[in-house]
Amino acid sequence: MAGVSYQGTILWVDLSKGTVEGRSFPDALQRDYLGGRALAARLLYDLVPPGADPLGPENVIVVATGPITGTLAPASGRFTVAAVSPKTGLVGHANSGGHFGPEMKLAGFDALVITGCSPEPVYLYLEDGRAQLLPAGHLWGQGLLRTWELLEERHGPDVRYLGIGPAGENQVLVSAVMNDGWDAQARPGLGAVWGAKKLKCIAARGSGKVRVADPERFLEAVRDACGKIMADRTYPDFSRYGTSILVDIAQASGGLSTRNAQEGVFEHYEGISSRRLHAGYTVAKKACWCCPLHCKNYVEVRTGPHRMRGGGPEYETLVCLGSRVGLGDLEAILYANHLCNDLGLDTISAGTAISFLMEASQRDLIPDRLPWGDAAVVIDLLRKMAYREGLGELAGQGVARLARAIPGSEEFALEVKGLELPAFDVRTGKGFGLSEATANRGGDHLTALPNFELLGMSEQEGVRWFGNPYCVDPYTERGKVPMVVWHEYFAMLCDSAEICKYTTFATYALLPEDLARFVTLATGEERTAADLLHLAERAYNLERLLNIRRGMLPARDDRLPRRYTHHPLPRGPARGQVVHLETMLPEYYRAHGWDVRGVPLPATLRRLGLEREASEVLGLGLEGTGPPGNGPGEGAGGG
Amino acid sequence: MRVRLRNYGYYADLLGGPLVELEIPADTLGDLLAAVRSRFGVDLEARRNLRLIVGDRVLHTFPAQLRLEDGVEVAVVPVVAGGSGAKGRGWATRRTGGRVSR
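Just so you know, these numbers come straight off a predicted model, no measurement behind them. (Residues numbered from 1 in each chain as written. Chains lettered and ligands numbered in written order. Predicted model: local features only at pLDDT ≥ 70, side-chain atom pairs only at ≥ 80, totals over all residues. Heavy atoms only, no water.)

Asks: Quick question: what am I supposed to make of the overall build of chain A here?
Replies: Across its full length, chain A carries 26 helices and 17 strands. In terms of C-alpha radius of gyration, chain A reaches 23 Å, essentially the compact-globule figure of 26 Å for 639 residues. Taken over the C-alpha atoms alone, chain A extends approximately 60 × 55 × 50 Å along its principal axes. Out of the 639 residues in chain A, the part that is buried amounts to 68%. Considering only residue pairs separated by 6 or more positions, chain A has 68% of its internal contacts joining residues 24 or more positions apart. For chain A, the distance from the average position of its 66 positive side-chain charges to the average position of its 75 negative side-chain charges is 1 Å. (Helix = DSSP H or I, 4+ residues; strand = E, 2+ residues; numbered from the N terminus. Rg over C-alpha atoms; globule rule 2.2 N^0.38 Å. Buried < 20%, exposed > 50% of the residue type's maximum accessible area, 1.4 Å probe, protein only. Contact = heavy atoms within 4.5 Å. Lys, Arg positive; Asp, Glu negative; His and termini not counted. Charge placed at Lys NZ, Arg CZ, Asp CG, Glu CD.)

Asks: Hey, could you run me through the overall build of chain B in this one?
Replies: Within chain B one finds two helices and five strands. Going from N to C terminus, chain B has its helices and strands arranged as β-α-β-α-β-β-β. In chain B, which comprises 102 residues, the proportion classed as buried is 46%. Considering only intrachain contacts with a sequence separation of at least 6, the fraction spanning at least 24 residues in chain B is 52%. For chain B, the accessible surface area stands at approximately 4,800 Å², while carbon and sulfur atoms represent 47% of it. (Areas by Shrake-Rupley, 256 points an atom, 1.4 Å probe, with all protein chains shown as cover.)

Asks: Which parts of the structure should I look at to understand the packing of aromatic side chains?
Replies: Within a pair of aromatic rings, the relevant descriptors are the distance that separates the centres and the angle that separates the planes. Residue and element names in this part refer to chain A. A full pass over the atoms with the stated rule returns 23 aromatic pairs over all chains. Judged by centre distance (5.4 Å) and plane angle (50°), the rings of Trp182 and Tyr298 are tilted. Taken as a pair, Trp182 in the loop between strand 10 (177–179) and strand 11 (183–185) and Tyr298 in strand 14 (residues 296–301) lie far apart in primary sequence, 116 residues in all. On the basis of an interplanar angle of 55° and a centroid distance of 5.0 Å, the ring pair of Phe424 and Phe432 is categorised as tilted. Neither Phe424 nor Phe432 differs from the other in exposure class; each is buried. Among the aromatic residues, those joined into a cluster by ring pairs are Phe452, Trp465, Phe466, Trp486, Phe490 and Tyr508. (Phe/Tyr/Trp six-rings, centres within 6.5 Å; stacked < 30°, edge-to-face > 60°.)

Asks: Which parts of the structure should I look at to understand the layout of surface pockets?
Replies: Any space left empty among the atoms is revealed by the rolling of a water-sized probe across them. Residue and element names in this part refer to chain A. Empty space within the largest pocket amounts to approximately 440 Å³. Surrounding the largest pocket, 24 residues form its lining, Trp148, Tyr161, Asp180, Gly181 and Trp182 being those nearest its centre. Those elements that provide at least two residues to the lining of the largest pocket are helix 4 (144–155), strand 9 (160–163), strand 14, strand 15 (308–311) and helix 12 (330–343). With four residues, helix 4 is the single largest residue contributor to the lining of the largest pocket. Considered class by class, the residues forming the lining of the largest pocket number nine nonpolar, seven polar and eight charged. If you count residues domain by domain, the lining of the largest pocket takes at least three from each of domain 1 (9–205) and domain 2 (253–420). (1 Å grid on protein atoms, 1.4 Å probe; cavity = no way out; pocket = protein on both sides within 12 Å on 5 of 7 lines; lining within 4 Å. Points joined across faces, edges and corners; volume = space filled by probe spheres on them. Nonpolar A, V, L, I, M, F, W, Y, C, P; charged D, E, K, R; others polar. Domains from an automatic or database assignment.)

Asks: Sorry if this is basic, but what is going on with empty space enclosed by the protein here?
Replies: Residue and element names in this part refer to chain A. Taken as a whole and judged by the stated rule, the model has five cavities of 30 Å³ or more. By volume, the second largest cavity is sized at about 50 Å³. If you go around the second largest cavity, the residues you meet are Trp182, Tyr241, Gly242, Thr243, Ser244, Cys295, Lys296, Asn297, Gly312, Pro313 and Glu314. Looking at the lining of the second largest cavity residue by residue, the classes come out as four nonpolar, five polar and two charged.

Asks: How should the domain arrangement of chain A be read in this particular structure?
Replies: It is common to give the size of an interface as the accessible area that goes away when the parts come together. All names here are of chain A. Annotation of chain A at the domain level lists domain 1 (9–205), domain 2 (253–420) and domain 3 (426–618). The C-alpha centroid of domain 3 is placed 26 Å from the C-alpha centroid of domain 1. Summed over both sides, the interface of domain 1 with domain 3 buries roughly 3,400 Å², with 59% coming from carbon and sulfur. Here domain 1 and domain 3 share four salt bridges between them. Between Glu543 and Arg37 there is a salt bridge, and its shortest N-O distance comes to 2.9 Å. The tally of links from domain 1 across to domain 3 stands at 19 residue pairs in polar contact (both at pLDDT 80 or more). Elements with a minimum of two residues in the side of domain 1 that touches domain 3: helix 1 (27–33), helix 2 (36–47), strand 4 (79–84) and strand 5 (91–96). For the side of domain 1 that touches domain 3, the element with the most residues is helix 2, which contributes eight residues. Class assignment of the residues belonging to the side of domain 1 that touches domain 3 gives a composition of 24 nonpolar, 13 polar and seven charged. (Buried area = accessible area lost by both parts, 1.4 Å probe. Salt bridge = Lys/Arg side-chain N within 4 Å of Asp/Glu carboxyl O. Polar contact = N/O pair within 3.5 Å; in protein donor to acceptor, adjacent residues only side chain to side chain.)

Asks: How should I be thinking about the pairing of strand 14 of chain A in this particular structure?
Replies: Regular strands have side chains that alternate between both faces of the sheet. All names here are of chain A. Across the six residues that make up strand 14, a large majority, six, are buried. Residues Lys296, Tyr298 and Glu300 point to one face of strand 14 and Asn297, Val299 and Val301 to the other, with burial holding for every one of them. With four bridges joining them, strand 13 (residues 282–286) and strand 14 adopt antiparallel strand pairing. When the sheet's bridge partners are listed, Lys285 is paired in strand 14 with Asn297. Two elements, strand 14 and strand 15, share four bridges in a ladder whose sense is antiparallel. Note on strand 15: the bridge partner recorded for Tyr298 is Gly311. Hairpin remark: strand 14 followed by strand 15, antiparallel, with six residues in the connecting loop; positive phi at Gly304, about 90°. (Pairing = 2+ DSSP bridges.)

Asks: What am I meant to see in the sheet that holds strand 6 (residues 111–115) of chain A here?
Replies: Whether parallel or antiparallel, the strands of a sheet pair through hydrogen bonds between backbone atoms. Residues and elements named next belong to chain A. The strand order across the open sheet formed by six strands is 2-1-6-3-4-5, and the pairing between neighbours is mixed. For this open sheet the edge positions go to strand 2 (19–24) and strand 5, each flanked by a neighbour on one side alone. In this sheet, adjacent strand axes meet at a mean angle of 15° when their direction is disregarded. As paired elements, strand 3 (residues 61–64) and strand 6 share four bridges and run antiparallel to each other. Opposite Val62, over in strand 6, you have Val113 as the bridge partner. Relative to the sheet, helix 2 contacts strand 1 (9–14), strand 3, strand 4, strand 5 and strand 6, its axis offset from that of strand 4 by approximately 25°. (Axes fitted to C-alpha atoms, helices over the stretch in contact; angles between N-to-C directions.)

Asks: I'm lost on the pairing of strand 8 (residues 130–135) of chain A in this one. Help?
Replies: Residues and elements named next belong to chain A. The pairing of strand 7 (residues 122–127) with strand 8 spans six bridges and is antiparallel. Among the inter-strand pairings, Val122 is bridged to a residue of strand 8, identified as Pro135. Between strand 7 and strand 8, which pair antiparallel one after the other, the connecting turn spans two residues, and Asp128 there sits at a positive phi close to 45°.

Asks: What am I meant to see in helix 4 of chain A here?
Replies: All names here are of chain A. Between the first and last C-alpha of helix 4 there are 16 Å, a value that for twelve residues agrees with the 16 Å anticipated at 1.5 Å per step. Buried within helix 4 are the following residues: Leu144, Thr147, Trp148, Leu150, Leu151 and His155. Viewed along the axis of helix 4, the buried residues span an arc of 165°, placing them on a single side of the element. Close packing links the buried residues of helix 4 with strand 7, strand 8, strand 9, strand 10, strand 12 (199–205) and helix 12. Positive backbone phi, approximately 100°, marks Gly156, located one or two places after helix 4. (Expected span 1.5 Å × (residues − 1). Arc of directions from axis to C-beta.)

Asks: Sorry if this is basic, but what is going on with the sheet that holds strand 4 (residues 57–59) of chain B here?
Replies: All names here are of chain B. Here we have five strands laid out as an open sheet, ordered 2-1-5-3-4, and mixed in their pairing. Of all strands in the sheet, those with a lone pairing partner are strand 2 (19–23) and strand 4, marking the two edges. This sheet shows a mean twist of 25° between the axes of neighbouring strands, independent of strand direction. Sheet analysis places strand 3 (residues 50–54) next to strand 4, joined by three bridges and oriented antiparallel. Bridge pairing links Leu52 to Leu59 in strand 4. Relative to strand 2, helix 2 (residues 29–40) is tilted by about 110°, and along the sheet it contacts strand 1 (2–7), strand 2, strand 3, strand 4 and strand 5 (73–78).

Asks: Mind showing me how you'd approach the environment of Glu411 of chain A here?
Replies: Considering the arrangement of structural elements, one finds Glu411 of chain A in the loop between helix 16 (399–405) and strand 16 (415–416). Expressed as a C-alpha distance, the spacing of Glu411 of chain A and Ile548 of chain A, which sit 137 residues apart in the sequence, is 26 Å.

Asks: Honestly, helix 20 (residues 512–523) of chain A in this entry has me stumped. Any pointers?
Replies: Given 3.6 residues per helical turn, the α-helix brings residues three or four places apart onto the same face. Residue and element names in this part refer to chain A. Compared with the 16 Å implied by 1.5 Å per residue over twelve residues, the 16 Å span of helix 20 between its first and last C-alpha is a close match. On its buried face, helix 20 is in contact with helix 7 (215–231), helix 19 (480–497) and helix 21 (529–549). Just downstream of helix 20, Gly524 is the residue with a positive phi angle, here 85°.

Printed below as a string of structure tokens:
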């Protein structure tokens with residue numbers, strides 16, 4: 001039975017042929033993959049040939065909502081964009097909030113599957129069950145801020161949009177896909193995939209409805225959930241400062257990534273602190289769809305060379321374009337962030353590429369003079385990356401490629417599997433270290449986001465949740481594995497139901513039981529927390545199989561850079577800390593049901609109903625030996 | 001004795017700025033908390049959204065008898081992980097069982 005809260009339609013777009021076609025969203029896919037990231041993993045596995053060039057016509061873009069997207073569930077404005085990443089060559093998924101996801105669903109589509117390459121720039125327009133590919137020659141080359149204006153002029157002020165800037169058009173690998181002004185589907189270089197397909201953007205307007213199976217009880221669940229979020233002990237700070245509060249916490253714990261993570265304490269921390277941002281530049285708070293947390297800062301720099309007005313930086317940006325490049329000038333950071341929003345650059349990857357080059361300059365490994373904390377250098381390099389000019393040509397391809405080009409620099413290349421590591425210094429959070437080393441999409445904090453270990457939970461809570469008191473101590477490797485694995489599955493569940501992690505992980509106000517209640521009442525199909533975590537585990541393993549099929553060797557690729565494993569932090573509360581990854585990996589693989597090489601075991605894949613995939617990827621021949629799973633034909637269908 | 005309070009986030013507004021020196025009559029955490037109450041009118045013990053870091057030790061509870069050294073720095077840090085009195089997950093002993101309901 002189809003879930004009530006789904007629209008029941010996936011739109012298939014063939015850019016090579018210029019065709020669009022709505023097809024039914026198979027019940028089996030709804031049941032076994034829910035939506036969002038899990039659905040994307042299924043579709044990418046089924047549709048992208050193993051050897052496909054990520055920037056070629058065989059790669060597939062998936063844009064997917066979830067079963068509670070567009071309902072009144074708090075923070076349910078999330079949606080996923082995915083493709084095989086041109087940066088890592090592996091599964092590439094991203095997730096953002098704002099309003100585009102709900103609008104796409106109100107326009108009648110649960111998901112989009114975009115194949116082929118258009119000969120000319122185009123954009124996709126969605127409105128109330130109709131879809132059109134329209135010429136985008138007048139948008140191509142425009143910054144995103146102007147693009148949004150032009151779309152509003154053509155389609156009205158209530159249109160919502162998702163698209164790329166010049167960085168994506170130029171197939172720069174540190175590019176992002178942006179939506180609703182300044183929300184970013186960032187990290188795996190998906191903007192470059194859009195650019196290669198000559199897809200500038202998607203605009204959506206919908207006057208439809210998202211129905212839920214039991215409206216009365218659903219509203220009761222919404223009230224309960226909002227009450228939990230707003231009563232949480234983290235609510236005052238997150239609602240006031242947003243994620244910028246994490247800058248303060250990172251500095252306090254000695255993990256504020258400074259000068260390419262050579263240090264964990266930043267001498268100009270006050271300049272980029274949450275208090276400085278809030279008191280000096282935040283002019284309004286903004287919320288995503290139905291979110292009571294309203295964590296976004298709308299900021300303004302009124303005068304001077306960095307004059308701007310727009311979406312404010314998140315924690316990751318304050319660090320990666322701030323302390324990580326040695327920059328303590330908040331106005332320059334706000335401007336650099338604004339520039340990235342316009343050019344369509346991922347601030348984490350772009351900032352880390354710059355910090356890498358600055359350290360290479362410090363060590364005289366390159367002839368360029370790139371002083372730490374020089375705002376003009378940062379802003380100039382961002383522009384050059386987007387337009388592939390000068391040093392920006394190589395910088396825009398990311399740290400892994402830079403490290404290969406600059407002998408002697410591998411030691412301080414902050415990347416895993418080709419993806420730049422995010423802001424948090426994992427020497428001050430060993431669970432984060434484990435999760436970033438092993439994440440399917442490369443060096444990524446959001447795959448698990450094990451905030452449980454960071455300054456919030458007591459040892460008693462550690463025992464109650466994960467059976468040991470050590471998991472709440474950020475400076476130890478002990479006891480981290482069960483905590484990280486649970487977070488990986490819970491994160492997958494959030495990204496598939498499509499609810500924000502900051503109402504779930506950061507606060508632990510909403511748990512899998514709450515998501516099961518929403519999904520059940522929205523779709524009309526009874527789901528338990530155990531069901532949904534099992535579904536998440538299946539999707540997590542499917543992502544790993546997709547990666548292995550594309551050449552990932554977990555034992556080689558699940559790693560951290562030597563900066564984090566061999567270079568102790570020199571000062572501050574975390575002085576002397578490194579990550580002993582080798583002490584966690586064997587237990588981590590066992591907890592997932594994987595072998596010592598990090599490859600899923602036959603029993604695990606059988607339990608998850610992935611017999612066909614086991615056969616295809618690992619040659620295990622499990623088909624017909626276990627309970628029925630999601631076999632061929634139940635998946636994406638044609639295409 | 002003297003104690004330096006390093007206040008993060010909202011606590012810099014509440015407690016007189018990002019870095020404040022306090023003179024306290026004795027050498028326990030209880031004395032420090034009383035001094036904060038007296039000078040700023042803020043009862044840190046009653047607040048749910050903070051942790052204290054004394055030297056390199058993170059305090060989840062605030063034992064009044066904890067001895068402080070002269071000149072010690074105490075960080076007042078907002079929490080990042082919350083939880084509304086969450087139930088135990090029992091993850092370590094109970095793997096996710098069952099299959100997707102049909």
